[in-house]
Amino acid sequence: MGRIFRALLVLLSISAAFSAEPKWIHVPSADFEIFSSAGESDTRRVLQHFERVRSFFEQTVKGGVKQQAEPVRIVLFGSKKEYEQYRPNDFAIAYYTQIAGRDYIVLSSASEDVFPVAVHEYVHLVVQHSGLNLPPWLNEGLAELYSTLKPEGDKILIGSLIPGRMYEISQQKWAPLAAIVAADRESPYYNEKNKAGSLYNEGWALTHMLQLSVEYSPRFAPLLLQISRGVPSQTAIESVYGKPLSTVEKELRSYLGRSTFSGRVIPARLQDGPKAAVEPADAFDVKLTLVDLNNRPGKEAETRQKLNELASEYPKRPEPQSAIGYLEWRTGEQEQAVKAFAAAFELGGRNP
């Protein structure tokens, strides 16, 4: 009896180990493809959100939204635990990135408030493909501003206040605006949990005032142009508005204390894409996607090893060689990059 009981325990433990493995599905459309370990209904809902967001920017961005030749790859994790090892820092619940010539938007879960997160990350894609070189405060500020978009018939309202950000601004110590607008992607204000809140909160508030307030909005376009050309933010703000940043900071704090705020109504209508098919995800595509998400500065050796293993496991697929080429190119190994790209081309890879 004891032997049978132990055998059952072993079988149960093996079964639990296999059931713990995420089940990945693939949901493609013309502009997106989702690899998801969440359920089918959640995945369809997320795709619908992105189709609607894309339709808004297609109608409002001059010349339409530019993307890579391949669809935007959205990775949707079924739980935050699965997402943990792929997050870029200890506070991001989602992020946009480009890896090996492909656009990725990564979501930690399909929570109820995923729509504003979808908008936020898609704004980063729009900015990237528009050729705008924006500092973190403005890049994140624009993403947060547009994350509030709300359909009103055949119009879209943007600029609603974000209660969480307003609360945090009222509770946290105010960081000097000069430090916020000077922060780059290596700054603690962008990377450290106890400081990044100031950049996101004040960056959103400043962007809201500069783009939507009666006093500042008429000069926002020239400011955006100067900053995107590489003029430091403080220099650009002081030049465009003809006042020191310290005055802008005082006016921002006064702005946040107002009882009324301006939004903007844009003629547009959110549109759903066609219903997409759901299919089991190909094992190779899932493996390559997860290797891509780990392909970050500081993990080059680990990524190179995993890509070489993938190339050995799937010797007829060009994508691992292409990814190796991008990795070598990024680390300055030009000769190795050319060899890897040539190998990808020989295998049929035609990534532009």
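Since the model is a prediction, treat every value here as computed from it, not as a measurement.

## Topic: the nonpolar core
- Core analysis: the biggest nonpolar cluster contains 77 residues, and Leu107, Tyr122 and Leu206 have the highest contact counts within it.
- Tallying contributions element by element places helix H4 (residues 114-129) first for this core, with 10 residues.
- Setting aside its immediate chain neighbours within four residues, Leu206 contacts Trp137, Leu177, Val181, Ile237, Val248 and Leu252.
- If you look at the next biggest cluster of nonpolar residues, it comprises 25 residues, including Ile99, Val106, Ile324 and Leu327.

## Regarding the packing of helix H5 (residues 136-146) against helix H10 (residues 220-228)
- It is the contact of H5 with H10, at a shortest axis distance of 12 Å, that shows an interaxial angle of 135 degrees. One finds that H5 runs oblique with respect to H10. Relative to H10, the crossing made by H5 is left-handed. Where H5 approaches H10, its residues Trp137, Leu138 and Leu142 are matched on the opposing element by Phe220, Leu224 and Ile227.
- Its residues assigned to classes, the contact of H5 with H10 comprises six nonpolar, no polar and no charged.

## Considering empty space enclosed by the protein
- Inspection of every chain in the model, using the stated rule, returns one cavity of 30 Å³ or more.
- For the largest cavity, the calculated volume is near 50 Å³.
- What lines the largest cavity is Glu168, Ile169, Gln172, Lys173, Trp174, Gly197, Ser198, Asn201 and Glu202.
- Listed by contribution, the elements that provide at least two residues to the lining of the largest cavity are helix H6 (163-171) and helix H9 (193-212).
- Broken down by element, the lining of the largest cavity gets its largest block of residues, four residues, from H9.
- Taken together, the residues of the lining of the largest cavity sort by class into two nonpolar, four polar and three charged.

Parameters at a glance
- Residues numbered from 1 in each chain as written.
- Predicted model: local features only at pLDDT ≥ 70, side-chain atom pairs only at ≥ 80, totals over all residues.
- Heavy atoms only, no water.
- Core = buried A, V, L, I, M, F, W, Y, C linked by side-chain atoms within 4.5 Å.
- Buried < 20%, exposed > 50% of the residue type's maximum accessible area, 1.4 Å probe, protein only.
- Helix = DSSP H or I, 4+ residues; strand = E, 2+ residues; numbered from the N terminus.
- Contact = heavy atoms within 4.5 Å.
- Axes fitted to C-alpha atoms, helices over the stretch in contact; angles between N-to-C directions.
- Parallel < 35°, antiparallel > 145°, perpendicular 65-115°, else oblique.
- Left-handed = near helix turned anticlockwise from the far one by under 90°.
- Nonpolar A, V, L, I, M, F, W, Y, C, P; charged D, E, K, R; others polar.
- 1 Å grid on protein atoms, 1.4 Å probe; cavity = no way out; pocket = protein on both sides within 12 Å on 5 of 7 lines; lining within 4 Å.
- Points joined across faces, edges and corners; volume = space filled by probe spheres on them.

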